[in-house]
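An overview of the molecular structure
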Amino acid sequence: MIKSAISFLLGCVLLIQLPSLPDSQVLWLLFAVVILVPFSQTRWLAFIAIGFAWSYLQASQQLDNHLALDLQGQDISITGTVSSIPEFQHRRIRFEFSPDKGLNTKLPTKLRLNWYQPLPKDINAGDRWQLTVRLKQPHGMKNPGSFDYESWLFQQGIGATGYVRNKSQNIRLENAPIYSINTLRQSLFSNIDQHLNDSDRRGLIQGLTTGIRHNINQDQWQLLRLSGTSHLLAISGLHIGLAAAIGFFSFRWLWSRRAKNLLFLPALQVGAIGGFILALFYAALAGFSIPTQRALLMVSIVMISLLIKKPVSI
């Protein structure tokens, strides 16, 4: 199993090294290699092919999600949902927008938009809007050693960037549902903003609580980089693990306070359920980033092994 996993990973890495995607006809050759899976001597080669093909399909799907060239620079009227926490800056608001499916114009599934002055009175994650936008394909500067903006957009699944035009047709269609996790995240972010408005630690607390790091200034980022602690602001294994540990020990202790509870369900299993719930809640508050998903998956494996009483090696 370990050899198969490593072989699959190797196939993914091989595709990443290519300067461009190969012709789709290569997939037929790769699928032919899959017939080697039943044979133990050549199974590793089959999993390399599977990893390569899987990465190829993922990359092709994302490239097909880009804005069509003939739509660049045009005013387009779209409806959709604000899919991220809006970033409020001095003279603009930046947010991600998911157009509705079934529109007459074929658009990417996710856009990154700027809204310049005059700004709307309020805009929240989960709101449905009708907007007039002007879009372009994602691109960035190719300066050595600098941030690769185009690569970051590709990783985030953003198929176009642009801005909202100042039109009277820009109207809110529906308010965000109260049960939306992004609504809760934005509410918590705003409450911290109000209570700690004069504190220079405001951005750090918001980043650790909700995963939103808009208010961390450049001096603080520089200090984190120089001290080698910038990874602490990326919510991942350490943070999810702490949340799971707090949930596990708290639920186990509370459940064991009443002896009759232990006849119904052992405290260890209740602790596992509590640890997973708290880890899941914190991961949701952090926006389910990829490092958060990975950490939550590992926590789930540990907690499930405790629930089914199965010993698992480290």
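Before reading on, note that the structure itself is shown above.
Presented here is an overview of the structure given in this document.

Turning to the pattern of salt bridges, a few remarks are in order. For the coordinates displayed, the defined rule picks out 10 salt bridges. For E87, the salt bridge identified is with R94, shortest N-O distance 3.2 Å. Of the two residues, E87 and R94, neither departs from the other in class, the shared state being buried. The closest approach of N and O atoms between K110 and E96, which form a salt bridge, is 3.7 Å. Note that K110 is positioned in the loop between β3 (92-99) and β4 (111-116) and E96 in strand β3, a separation of 14 residues in sequence. Assessed through its relative accessible area of 12%, E96 is described here as buried. Within this structure, D75, R134 and R165 form a network of salt bridges that share partners.

Before going further, it helps to spend a moment on the packing of aromatic side chains. All told, the structure shown has six aromatic pairs when counted by the stated rule. Pairing W115 with W129 gives two aromatic rings, centres 5.4 Å apart and planes at 80°, and the pair type is edge-to-face. Separated by 14 residues along the polypeptide, W115 in strand β4 and W129 in strand β5 (residues 128-136) bring together distant segments of the chain. As far as the burial class goes, W115 and W129 line up, both buried.

Over its 19 residues, helix α10 (residues 267-285) extends 27 Å from the first C-alpha to the last, a length consistent with the 27 Å expected when each residue adds 1.5 Å. Every buried residue belonging to α10 is among A267, Q269, V270, G271, A272, G274, G275, A279, Y282, A283, A284 and L285, and all of these are buried. Against α5 (181-195), α6 (202-210), α8 (237-255), α9 (259-264) and α11 (290-307) lie the buried residues of α10. Two residues or fewer after α10 comes G287, characterised by a positive phi angle close to 90°.

Turning our eyes to something else, we now look at the pairing of β5. As judged from the seven bridges shared by strand β1 (residues 75-82) and β5, these two strands associate in the antiparallel manner. In the sheet register, T81 faces β5, and the bridge partner there is R128. Bridge analysis of β5 against strand β7 (residues 171-174) gives three bridges, and the strand direction is antiparallel. Across the sheet, residue Q130 finds its bridge partner in β7, namely I171. Of the strand pairs in this sheet, β5 and strand β6 (residues 160-164) are connected by four bridges, and their pairing is antiparallel. Paired with K136 across the two strands is T161, which belongs to β6.

All right, on to a nonpolar patch on the surface then. Where nonpolar side chains cluster on the molecular surface, the patch consists of I181, L184, I246, L278 and F281 and spans about 410 Å² of accessible area. Relative to the helices and strands, F281 is located in helix α10. Since its relative accessible area comes to 45%, F281 is described here as partly exposed.

The next thing to look at is the environment of T109. Locating T109 in the fold gives a position in the loop between β3 and β4. Through-space distance from the C-alpha of T109 to that of Y179 is 23 Å; in sequence the pair is 70 residues apart.

Before going further, it helps to spend a moment on the nonpolar core. One finds F95, F97, L113, W115, L131, V133 and L135 to be the most contacted residues of the largest nonpolar core, which totals 19 residues. Counting residues per element, the ones that place at least two in this core are β1, β3, β4, β5 and β6. A total of four residues in this core trace back to one element, the largest contributor, which is β5. Contacts of L131, omitting those with residues within four sequence positions, involve I76, S77, I78, F95, F97, L113, W115, V164 and N170. Membership of the second largest hydrophobic core comes to 14 residues, among which are A244, A279, Y282 and A286.

Thresholds applied
- Residues numbered from 1 in each chain as written.
- Predicted model: local features only at pLDDT ≥ 70, side-chain atom pairs only at ≥ 80, totals over all residues.
- Heavy atoms only, no water.
- Salt bridge = Lys/Arg side-chain N within 4 Å of Asp/Glu carboxyl O.
- Buried < 20%, exposed > 50% of the residue type's maximum accessible area, 1.4 Å probe, protein only.
- Helix = DSSP H or I, 4+ residues; strand = E, 2+ residues; numbered from the N terminus.
- Phe/Tyr/Trp six-rings, centres within 6.5 Å; stacked < 30°, edge-to-face > 60°.
- Expected span 1.5 Å × (residues − 1).
- Contact = heavy atoms within 4.5 Å.
- Pairing = 2+ DSSP bridges.
- Patch = residues over 30% accessible without salt bridge, like charges linked within 9 Å, V, L, I, M, F, W, Y side chains within 5 Å.
- Areas by Shrake-Rupley, 256 points an atom, 1.4 Å probe, with all protein chains shown as cover.
- Core = buried A, V, L, I, M, F, W, Y, C linked by side-chain atoms within 4.5 Å.

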